[in-house]
Every structure is written in C-alpha cells, then in structure tokens.
Amino acid sequence: MLWRGFGIDNAMGQMAQCFGNADDKSGKGRQMPVHFGSIEHHSLTISSPLATQIPQAAGVGYALCRTPGRCDRTIAACYFGEGLASEGDFHAGLMLASTIPSPTLYIVRNNGFVISTPSSEQYYGDGIAARGPGYDIDTVCVDGNDVLAVLTVTREARRRCLEQGRASYSRP
C-alpha cells in the first residue's frame, strides 16, 4: 500500500479502524483492524478467515475481464501461505480461476510452517506446486530469497495471465 502511494499518514490514521468507527477510510468501521484498502490505490481489503481470498481473487480477476479496457492490462494478485493449500477454498478458487476467464496470479509463500505445524507434518513432498498443474494452471517455483528471481517470475506470470486470460501460480 505504501509503494502504491497510500502514504504513511493514511496507514497511521487507521486507528479509526481499530475503533470500528465511520472515520475509517478503508471500510467505514465495517472491517477488522489493519485491513487496509483503497479504491484509489486499487487495493481491496484483506479477508481474515483463512483461504477465503483465494476464490475471491478469482472473482476479482473475472470482474476485471468484464470491465472494458482492463482485461488486457490488469490482473488480480492473491498472496497466501502454504497452509491454505490444504483448505477447501484453495481448491474452489483454483478451479474457478482455471475455468472462467480470470487473469489471477496466485503467489504462495512457503516458509515451511503451516501456522504452527511443520509442512512436513501437513503433507508429503512439495505438496503445493504439484497442485497447480492439476488445475491446468501454469506453475513456477522460485527461491523467495532471490528478489530478482521473484521479480522475473512474477513479471512472466503476469504476462501469461494477461495473454491466456486465466490463472498462474507461483511458489516463492
């Protein structure tokens, strides 16, 4: 949000959000604390329940495709951790994004822990990247500690989303 020009004053001014009052610029007191959003800066507020953002992102990508002048230049991006790949919403979201015109980029952060459980106890093998091709979604793994590699892969994934009009999946 700061990179998009939201400004530190807006971020600090979110105390109204903590109090849940109408002075909250993001959600008018209807959102949980620290769920910033700004129509002006093209950022929707996050969703607290785990994994709900995955099908929501597919819906946003679909809406972008139906908006004249946006389908060929705008994608939806969704970030989540590897633990959410075990939630039902993960599968519903990827199925939706792979079957409707939904230029959506899914970026999965794999830090080796599913909340407080090691990934090795959550699933066998990689467990995440193998799921993308199951939905016929382009999938790329990249070392999340290599900033330039992440940038390169993200740009390529965005290009594919726009070109194909459907989802891409990246696991840094």
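Everything discussed here concerns the structure shown above.
Just so it is clear, the model here is predicted, and its values are computed rather than measured. (Residues numbered from 1 in each chain as written. Predicted model: local features only at pLDDT ≥ 70, side-chain atom pairs only at ≥ 80, totals over all residues. Heavy atoms only, no water.)

Re the overall build of the chain
If you tally the helices and strands in the chain, you get seven helices and six strands. Moving toward the C terminus, one meets the helices and strands of the chain in the order α-α-α-β-α-β-β-β-α-α-β-α-β. Looking at the 172 residues of the chain, the share that counts as buried comes to 37%. Of all intrachain contacts in the chain linking residues separated by at least 6 positions in sequence, the fraction that spans at least 24 positions is 66%. A total accessible area of about 10,000 Å² is found for the chain, and carbon and sulfur atoms account for 57% of it. (Helix = DSSP H or I, 4+ residues; strand = E, 2+ residues; numbered from the N terminus. Buried < 20%, exposed > 50% of the residue type's maximum accessible area, 1.4 Å probe, protein only. Contact = heavy atoms within 4.5 Å. Areas by Shrake-Rupley, 256 points an atom, 1.4 Å probe, with all protein chains shown as cover.)

With respect to the pairing of strand β1 (residues 76–81)
Only one face of β1 is covered, namely the face carrying Ala76, Cys78 and Phe80; the face carrying Ala77, Tyr79 and Gly81 is uncovered. For β1 and strand β2 (residues 104–109), the ladder comprises six bridges, and the chain directions are parallel. Directly across from Cys78, in β2, lies its bridge partner Tyr106. For the handedness criterion, the β-α-β arrangement of β1, helix α4 (residues 88–99) and β2 is classed as right-handed. (Pairing = 2+ DSSP bridges. Right-handed = clockwise from strand over helix to strand, strands pointing away.)

Here we look at the side chain of Ser102
Within the secondary structure layout, Ser102 lies in the loop between α4 and β2. A polar contact is formed between the side chain of Ser102 and the backbone oxygen of Ala58, at a distance of 2.7 Å. In contact with Ser102, not counting residues within four places along its chain, are Ala57, Ala58, Gly61, Tyr62, Ala97, Gly165, Arg166 and Ala167. (Polar contact = N/O pair within 3.5 Å; in protein donor to acceptor, adjacent residues only side chain to side chain.)

Looking at the nonpolar core
Within soluble globular proteins, side chains that are nonpolar tend to cluster in buried spots. If you look at the biggest cluster of nonpolar residues, it comprises 18 residues, and the most contacted ones within it are Ile54, Cys78, Phe80, Phe90, Leu94 and Tyr106. Elements with a minimum of two residues in this core: α3 (53–65), β1, α4 and β2. Membership of the second largest hydrophobic core comes to five residues, among which are Ile75, Leu105, Ala157 and Cys161. (Core = buried A, V, L, I, M, F, W, Y, C linked by side-chain atoms within 4.5 Å.)

Comments concerning the packing of α3 against α4
Interhelical geometry of α3 versus α4 gives an angle of 15° and a closest axis separation of 7 Å. Taken together, the axes of α3 and α4 are roughly parallel relative to one another. Here α3 and α4 pass one another in a crossing that is left-handed. Facing α3, whose interface residues are Ile54, Pro55, Ala58 and Gly59, α4 presents Asp89, Phe90, Gly93, Leu94, Leu96 and Ala97. Its residues placed into classes, the contact of α3 with α4 shows seven nonpolar, two polar and one charged. (Axes fitted to C-alpha atoms, helices over the stretch in contact; angles between N-to-C directions. Parallel < 35°, antiparallel > 145°, perpendicular 65-115°, else oblique. Left-handed = near helix turned anticlockwise from the far one by under 90°. Nonpolar A, V, L, I, M, F, W, Y, C, P; charged D, E, K, R; others polar.)

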